[in-house]
Each structure stands twice: as C-alpha cells, then as structure tokens.
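# Structural characterization, general
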Amino acid sequence: MLTQTTTRVLEPSDLDAALAVLDREPVANAFVTARVQVAGLDPWRLGGEMWGWYEDGMLASLCYAGANLVPICATPRAVRGFADRARRAGRRCSSIVGPAEATAQLWRLLEPSWGPAREVRAQQPLMVTDRLPDDIVPDPYVRRVRKDEMETIMPACVAMFTEEVGVSPLAGDGGLLYQARVAELVGSGRSFARLDRDGKVVFKAEIGAATSQACQIQGVWVAPEYRGRGLAAPGMAAVLRYALADIAPVASLYVNDFNTAARSAYRRVGFREVGAFMSVLF
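Residues numbered from 1 in each chain as written. Predicted model: local features only at pLDDT ≥ 70, side-chain atom pairs only at ≥ 80, totals over all residues. Heavy atoms only, no water.

For the protein chain, the count of helices and strands is 9 helices and 12 strands. Here the protein chain has a C-alpha radius of gyration of 19 Å; the compact-globule value for 282 residues is 19 Å, and the two agree. Expressed along its principal axes, the backbone C-alpha trace of the protein chain runs to roughly 70 × 40 × 35 Å. For the protein chain, with 282 residues in total, the buried portion stands at 50%. A fraction of 68% describes how many contacts in the protein chain between residues 6 or more apart in sequence connect residues 24 or more apart. When the accessible surface of the protein chain is split by element, carbon and sulfur atoms take 52% of a total near 13,800 Å². (Helix = DSSP H or I, 4+ residues; strand = E, 2+ residues; numbered from the N terminus. Rg over C-alpha atoms; globule rule 2.2 N^0.38 Å. Buried < 20%, exposed > 50% of the residue type's maximum accessible area, 1.4 Å probe, protein only. Contact = heavy atoms within 4.5 Å. Areas by Shrake-Rupley, 256 points an atom, 1.4 Å probe, with all protein chains shown as cover.)

A word on the pattern of salt bridges. For the structure on display, the rule yields 16 salt bridges. Close ionic contact of Arg-143 with Glu-149 constitutes a salt bridge, the shortest N to O distance being 2.8 Å. What makes Glu-149 buried here is its relative accessible area of 7%. Through salt bridges with shared partners, a single network forms among Arg-143, Arg-146, Asp-148 and Glu-149. (Salt bridge = Lys/Arg side-chain N within 4 Å of Asp/Glu carboxyl O.)

Inspection of the secondary structure assignment puts Leu-177 in helix α7 (residues 176–187). Looking at Leu-177, the relative accessible area reads 67%, which means it is exposed. With 72 residues separating them in the primary sequence, Leu-177 and Gln-105 have C-alpha atoms 30 Å apart.

Attention shifts here to the sheet that holds strand β6 (residues 119–129). Spatially, the 12 strands line up as an open sheet ordered β1-β2-β3-β4-β5-β12-β6-β11-β10-β9-β8-β7, and their pairing is mixed. Here the strands that pair on one side only, and so sit at the sheet edges, are β1 (5–9) and β7 (143–144). Taken together, the 2 bridges between strand β4 (residues 68–72) and strand β5 (residues 95–99) define a ladder with parallel strand orientation. Following the sheet pairing, Asn-68 is matched in β5 by Ser-95. In this fold helix α1 (residues 15–22) packs onto β3 (58–65) and β4, with an angle of close to 85 degrees to the strand it touches most, β3. (Pairing = 2+ DSSP bridges. Axes fitted to C-alpha atoms, helices over the stretch in contact; angles between N-to-C directions.)

In short, the description is geometric, and any link to function would need to be established separately.
Here's what the structure looks like:
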C-alpha cells in the first residue's frame, strides 16, 4: 500500500483539523494555539501561513510560518517536508523556535541555505506548574499594569528584550510592532509589574499566550540594581496567582539553560521541567 504524504498551506476550512493537532500538546503549543483561536487560519489575520503535513490523507503535523518558524507535533518526515517548503520560500522569519528535537532537525536541514544564525539556543527547558507554592508569599506589590502606564512599562520591556534576545525591539520599524504588542498585553490585563517609590519598574512579567488549557509566562525581568534581593520568586508567585485564578489551569514558561538564577527561582515557585524548546535567532 502506498503511503501518501504531502505538505500544503492550510485554509480557513482546515481550522478544526488544525486545532485538533494543536490540542495534542496544549502546553507546548499554547503560543500558536492562542493565535489560531483568535485569528483562524487566514494568513493576513494570523500573521503568517500555517503549513500542514498529511499522511494517508490525515493532517498529522503543522508548521507556523510567520515572524517565527514553529514546528508543531512534527514527526521527522513532516520536518523534512516543512524544511523543503521553507527552503523554497526563502527565509522570512526572525527565528525558528519550538520543541527541541524537531527544531534541531529542522535547523540541520535549513542551515546550509539559511545559515549562519546569529545565535542558537539548543536547550531551553520547558517548565510548568498548576499550583501556587506553599512556602513563598506572593509579592503584594506586584499588580496589573494600567493602560495609562505604557510610558512606565515600555523602557523595562525594551531592556528585557534587548538583554534576552541581543538586539533592540526598536530596530527596524522604530518599535511600532513591539509597542503594539506591549499595549495589547497591558490592555488585556496580562502585564504585571512592581514599581518602586519613584515609579520605576523593579520587576515585571507578562502572560504572553493564553488558551483555556494553558498560559505562558514571558518577559520576566528584574531591574539590574535590584537583582540579588530575592524579588524574582515572590514576584513570580504573584504573577502565577493571577495566571491560575484568571487565565488557565496550567502555567508554563521556557528559559535558557544557562540562566541558572532564573531556573532556580522558577523551581522555588514550583515550576518543574517537562521538556525542552530550542531557538535559532537570526
């Protein structure tokens, strides 16, 4: 019996089948699932194409191709199919990010034509929790950022992004897209911060992706002059309290393996490692 395999760009009518694939790994796929639930599969609204890999006529794997290239529930054969399509299309993304095994295979296939990368982060532990810690009191000063506080939170967001990614989010378009994204998180009540007496941000974090099953905490940052004072764990506990009460029953994040201080703080709050992501930055 012949096994028919193919890749194609998904259409709005493929939404239910795509959501069924995304639903197989609700924590790892939260970022893409959240976008698809809001925008559907129309490339203009989604901000990119969704590629599907079919085996015997059934949708088996996905790959989001937008500002990021993200393999989703991708088998080795699917990754080869996605790599062929990506190579033909040429690189349009600023990063490849996803589960470590599939992303590593995808990068091996694309590196000869897309390389070199600016940076490769091969192991980024994926951590999850579904409960508040028993032994850490949430920081009572961490609260939702108000809509009129964009000028307060924006410098901290830019500092975090630049420190984390290695380039400023203000490059290119002057920061219009990044500012819109920060405003979206503030407006939806998913941006959190602690301010000092002078109104400066000393701790911040956002809930970047949210579905009914899982949410993803991102952008965790402590102002350099406040580091080493034990703010991270109580701050994370406060954000976690909001996340589990208001957003989803499971909270996740992924962190660079070399960031031992952050990993330690997350473990103290109750996060446990359940897998790994990989990021290739251009």
